[in-house]
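Here is what each chain is made of, one letter per residue.
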Amino acid sequence: MGITELLNSKILFLDGGLGTYLQKEGLKPGENTESWNLTHPQVVKSVHKKYYDAGSNIVCANTFGANSLKYAPDELEKIIKAAVENAVAAKNASTAPQEKFIALDIGSLGKLLKPFGDLEFEKAVSVYAETVKLGVKYNVDLIMIETMNDSYETKAALLAAKENSSLPVFVTNAYGEDEKLITGATPEAMVAMLEGMGADAVGANCSLGPKQLQNIAKRMLKCASVPVIMKPNAGMPKSIGGKTVFDVNAEEFSLEMKKMAEAGVTVLGGCCGTDDSYIKLLVDTVKDVEFIKQSEKHLTVVSSYTHAVYFGNKPVIIGERINPTGKKRFRQALSENDIGYILREGLSEQENGAHILDVNVGIPGIDESAMLKSAVFELQGVLDLPLQIDTSDITAMEGALRLYNGKAMINSVNGKEESMKAVFPLVKKYGGVVTALTLDENGIPETAEERVRIAEKILRTANEYGIDKKDIVFDTLAMTVSADPLAARVTIKALSEIRRRLNCHTSLGVSNVSFGLPERGALNASFFLLALENGLSAAILNPGSREMISAYKTYCALCGLDEGFADYISFCAENEADKKIVAEPLQKDEDISLQLKSAIIKGLKDNSGELCRKLLLQRDGLEIVQTVVIPALDEVGKGFEEKRIYLPQLLMSAEAAKSAFEKIKAAAEKKESAGGKDSFPVVLATVKGDVHDIGKNIVHLLLENYGYNVIDLGKDVDKQTVVDSVLKSGAKLAGLSALMTTTVPAMEDTIEVLHKQAPDCRVVVGGAVLTKEYAESIGADKYSKDAMETVRYAETIFKENE
């Protein structure tokens, strides 16, 4: 029986930690685990065999960090070939009776993708593709993408796996204690995107112990239709006698994992700190638990890089303002490639309560494909709402869907064979919820029954492409009543029938109904309410329209969709506040200051630079830093610490602040600084053997924006290089980063040497595998759970040394 059949018929067991096991066997601090496939093959085979003997169905080949950013092409192939051969030898040597499989193990590249980092999405896809092709060449059974802490990189890896193999693909992400990825994605958002792209199983691994992953497992089981994987650490790490140990023993681990199995998790294993004894006891503990097949959830859902939006519980508002139809200023912005205008429209719609943003940039005379990709990319850099890709240009549609970070809404397909043939393959490949227009080769039917018939035809054809009706939302086409007084009735009847008979969700462009008539807002609002009462799931409208939002808020309040009337009361209070505000006219420089602060907070890089240039004509550069830039960064930082905003917004705000700083530097003969911090160096490094520098790069960006002189030594840095840099620069603070448990000993060695040779230098550490207790046990002066905490600590050290 193959892995796919077993996946849907019984509980499967994965292996445990490999890196921590190799450490016990002599892996040196900073030494690459993958190199042991060539230098210590017998050890690697032995570890794999122990896991098979313990009962593992799936063992991951030793390829977690094997990629072309780390190894030359010839070396990469040798490593992957040897890794698979070692796993095959272990599989053949084991006499354990269970079915056995080998997974190509794929981990993070250690870089953030643009716009939040410097790695191009397509470059990431191509790097992963090279690894996938080699795994296929040497006959692995499946692909395991794991320990991913960024949704965008996860998409790049899954896309590479699907485009370059026909193998089953399992995907697990590393969630933090806040139950989100480092870039903000919830479990629901990840399930939506990964299922949409065709992952065979999804779940979580690393970072946390089994008890901490229980709720993430529950959340995934609630929304996933594919099998769920859980692969926790053996609790949290700490250092005892120079060795890394974990605080959850095999018995505790197995009992917690049994709870997950009883709840419906069907793929179980271990990550850091778990050895074959953990897996053996896990298998013995869970072997009698009844297999629970994941049920089809029938959820219509789209997602951004942070969260999912579900259809069905509460009407969804799709913002209509990013569309050139009838908007002269927007058309001008597109012609002039004024992305800033598009971003401001999007941010305004988000502030006005839109749940999804429609993005349409189609006008004559521009490269729609390039503009749509640019708009989608830039919008996702400054806001976290899901987007609706709105275009009839199939090339533009695919380009935007490919780089979209999440599960997009797609506008649109229709009943024409040509349309379905072009659009449905894209929906299947990239995932998405597609808006289906009830028209065909004969145009828009005049009757509701004919529109329903087209809807049925679309569903049948979609099914042929493997697309379930949960991923289709029907638009029964709101026509202008000034041309046909009965048009609204036909639209509403078709909508109601589709919702009742076909059990599908619906969407309408509400404002179409009132073209050519006065007082359009009143007509639109009334039509909106009629449609809602007849089963409308989502509406494309202007969220800045008081009439439309008033209708929406009152409908939700009256239909029991607004708990405690909180949204309605808040809406009324905001309206009253707007009426009562009588503002004193702002002085010109005050007005620009507020605009600059707002631009930094919203992450509008180009706006920030231009506003700062104007403000420099009226104010001193240092004053701008101290009264505008730093307060803006502090506000964003506080939001990040309070979990009101996520890492991407923090990074984009930092980039916007950087744009302002560059204007200030250019205007000054000598670099301005926030109180002399430019003469206070901070040394940063990712420790020897670790090539993951995401966290370190984030810290670099933020410290620089707070005015510090950052000396970034990069990744895979030897301990003496760190010490030499500290001594040469006179730095009073050094920051060290490590992602993997196998490189924490190198961090400990670096701290020890720093304290001996540079006793006046404090050491702050961070990384996914660290905890406060673990950091203290290896001699660090400070553990920072995130980049902002490092900034706060730097501020403390700076004040001590002023």
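Everything that follows concerns the structure shown earlier in this document.
Residues numbered from 1 in each chain as written. Predicted model: local features only at pLDDT ≥ 70, side-chain atom pairs only at ≥ 80, totals over all residues. Heavy atoms only, no water.

Visitor: Give a description of the overall build of the protein chain that names residues and reports values.
Guide: Within the protein chain, the secondary structure is distributed over 30 helices and 25 strands. For 802 residues, the compact-globule estimate of 2.2 N^0.38 gives 28 Å, and the protein chain sits close to it at 28 Å. Seen along its three principal axes, the alpha-carbon backbone of the protein chain occupies a region of about 80 × 70 × 50 Å. The burial tally for the protein chain puts 59% of its 802 residues in the buried class. Considering only residue pairs separated by 6 or more positions, the protein chain has 75% of its internal contacts joining residues 24 or more positions apart. When the accessible area of the protein chain is evaluated, it comes to approximately 31600 Å², of which 49% is carbon and sulfur surface. Separation of charge centres in the protein chain, based on 91 positive and 111 negative side chains, amounts to 1 Å. (Helix = DSSP H or I, 4+ residues; strand = E, 2+ residues; numbered from the N terminus. Rg over C-alpha atoms; globule rule 2.2 N^0.38 Å. Buried < 20%, exposed > 50% of the residue type's maximum accessible area, 1.4 Å probe, protein only. Contact = heavy atoms within 4.5 Å. Areas by Shrake-Rupley, 256 points an atom, 1.4 Å probe, with all protein chains shown as cover. Lys, Arg positive; Asp, Glu negative; His and termini not counted. Charge placed at Lys NZ, Arg CZ, Asp CG, Glu CD.)

Visitor: Give a detailed account of unusual backbone geometry, specifying residues and quantitative values.
Guide: Residue Pro 115 is reached from Lys 114 by a cis peptide bond, and omega for that bond is 10 degrees. With respect to the secondary-structure elements, Pro 115 resides in the loop between β3 (101-106) and α6 (121-137). Going from Asn 411 to Ser 412, the amide bond is cis rather than trans, its omega being 20 degrees. On the secondary structure map, Ser 412 appears in strand β16 (residues 409-414). We note that Thr 147 has phi near 60 degrees; this positive angle belongs to a residue other than glycine. Locating Thr 147 in the fold gives a position in strand β4 (residues 142-148). Relative accessible area serves as the criterion here: at 13%, Thr 147 is assigned to the buried category. Not every positive phi belongs to a glycine, and Asn 337 is a case in point at roughly 55 degrees.

Visitor: A description of the layout of surface pockets should follow, citing residues and the corresponding values.
Guide: Each pocket or cavity is described by its volume, and for the second largest pocket that value is around 1100 Å³. Lining the second largest pocket are 40 residues; nearest its centre among them are Asn 323, Thr 325, Asn 360, Asp 390 and Asn 512. When the residues that make up the lining of the second largest pocket are grouped by side-chain class, the tally is 13 nonpolar, 17 polar and ten charged. (1 Å grid on protein atoms, 1.4 Å probe; cavity = no way out; pocket = protein on both sides within 12 Å on 5 of 7 lines; lining within 4 Å. Points joined across faces, edges and corners; volume = space filled by probe spheres on them. Nonpolar A, V, L, I, M, F, W, Y, C, P; charged D, E, K, R; others polar.)

Visitor: Give me the lowdown on the packing of aromatic side chains, citing residues and values where you can.
Guide: With the rule as written, the count across this model stands at nine aromatic pairs. A ring pair is formed by Phe 680 and Tyr 708, whose centres lie 5.9 Å apart and whose planes are at 65 degrees; its orientation type is edge-to-face. Taken together, the residues Phe 680 in the loop between α25 (647-667) and β21 (681-686) and Tyr 708 in the loop between α26 (694-705) and β22 (709-712) connect sequence positions 28 residues apart. Centre to centre, the rings of Phe 680 and Phe 798 are 5.6 Å apart; their planes meet at 85 degrees, and the pair counts as edge-to-face. (Phe/Tyr/Trp six-rings, centres within 6.5 Å; stacked < 30°, edge-to-face > 60°.)

Visitor: I'd like to hear about helix α28 (residues 744-757), residue by residue, with values.
Guide: Counted at 1.5 Å a residue, the expected span for α28 with its 14 residues is 20 Å, and the 20 Å between its end C-alpha atoms agrees. Residues of α28 that are buried include every one of Val 744, Pro 745, Ala 746, Met 747, Glu 748, Thr 750, Ile 751, Val 753 and Leu 754, and no others. (Expected span 1.5 Å × (residues − 1).)

Visitor: Lay out the packing of helix α27 (residues 719-729) against α28 in plain terms, naming residues and giving numbers.
Guide: Contact pair α27 / α28: the axes reach a minimum separation of 9 Å and the direction vectors enclose 35 degrees. Note that α27 runs across α28; the crossing there is right-handed. Seen from α27, the contacting residues are Lys 719, Gln 720, Val 722, Val 723, Val 726 and Leu 727; seen from α28, they are Asp 749, Thr 750, Val 753, Leu 754 and Gln 757. Broken down by class, the residue content of the contact of α27 with α28 amounts to six nonpolar, three polar and two charged. (Axes fitted to C-alpha atoms, helices over the stretch in contact; angles between N-to-C directions. Left-handed = near helix turned anticlockwise from the far one by under 90°.)

Visitor: How would you explain empty space enclosed by the protein if you had to name every residue and give the values?
Guide: One pass over the structure, following the stated rule, counts two cavities of 30 Å³ or more. Taken as a whole, the largest cavity spans an internal volume of roughly 60 Å³. Together, Lys 114, Pro 115, Phe 116, Tyr 152, Tyr 305, Phe 377, Gln 380, Gly 381, Leu 403 and Asn 405 line the largest cavity. With three residues, helix α14 (residues 368-382) is the single largest residue contributor to the lining of the largest cavity. Considering only residue class, the lining of the largest cavity consists of six nonpolar, three polar and one charged. There is about 40 Å³ of room inside the second largest cavity. Looking at the second largest cavity, the residues that line it are Thr 63, Phe 64, Gly 65, Ala 66, Asn 67, Asp 105, Ile 106, Gly 107, Leu 109, Tyr 128 and Thr 131. Where the lining of the second largest cavity is concerned, the elements lending two or more residues are β3 and α6. Of the residues contributing to the lining of the second largest cavity, the split by class is five nonpolar, five polar and one charged.

Visitor: Can you explain helix α10 (residues 250-263)? Please cite residues and give values.
Guide: Taking 1.5 Å of rise per residue, the 14 residues of α10 would be expected to cover 20 Å, and the 20 Å separating its terminal C-alpha atoms lies within 8% of that figure. Of all the positions in α10, only Ala 250, Phe 253, Ser 254, Glu 256, Met 257, Met 260 and Ala 261 are classed as buried. Seen end-on, α10 carries its buried residues on one side only, within an arc spanning 165 degrees. Of the surrounding elements, those touching the buried residues of α10 are α9 (214-223), β7 (228-231), β10 (267-268) and α11 (276-286). (Arc of directions from axis to C-beta.)

Visitor: Residues and numbers for the nonpolar core, please.
Guide: With 221 residues, the main nonpolar core has Ile 145, Met 230 and Phe 528 as its most contacted residues. Grouped together as the second largest cluster of nonpolar side chains are 27 residues, Val 753, Leu 754, Val 765 and Ile 778 included. (Core = buried A, V, L, I, M, F, W, Y, C linked by side-chain atoms within 4.5 Å.)

Visitor: Give me the sheet that holds strand β24 (residues 762-766): which residues, what numbers.
Guide: Spatially, the five strands line up as an open sheet ordered β22-β21-β23-β24-β25, and their pairing is parallel. If you trace the sheet from one side to the other, it starts and ends with β22 and β25 (782-783), each paired once. Relative to strand β23 (residues 733-737), β21 runs parallel, the two being bridged by five bridges. Following the sheet pairing, Ala 685 is matched in β23 by Leu 736. Relative to β21, α27 is tilted by about 175 degrees, and along the sheet it contacts β21, β22 and β23. Docked against the sheet, helix α30 (residues 787-801) engages β23, β24 and β25, running at close to 175 degrees with respect to β24. (Pairing = 2+ DSSP bridges.)

Visitor: Please provide a residue-by-residue account of the environment of Ala 408, values included.
Guide: Along the chain, Ala 408 falls in the loop between α15 (394-403) and β16. In the structure, Ala 408 is positioned 34 residues away from Asn 442 in sequence and 29 Å away in space, judged by C-alpha atoms. Residues within four places of Ala 408 in sequence aside, it is in contact with Val 302, Leu 387, Ile 389, Leu 401, Gly 432 and Val 433.

Visitor: Run through the pairing of β22, naming residues and quoting values.
Guide: Regular strands place side chains that alternate from one sheet face to the opposite one. With four bridges joining them, β21 and β22 adopt parallel strand pairing. Bridging across to β22, Val 683 finds its partner in Ile 711. The parallel pair β21 and β22, bridged by α26, forms a crossover whose chirality is right-handed. (Right-handed = clockwise from strand over helix to strand, strands pointing away.)

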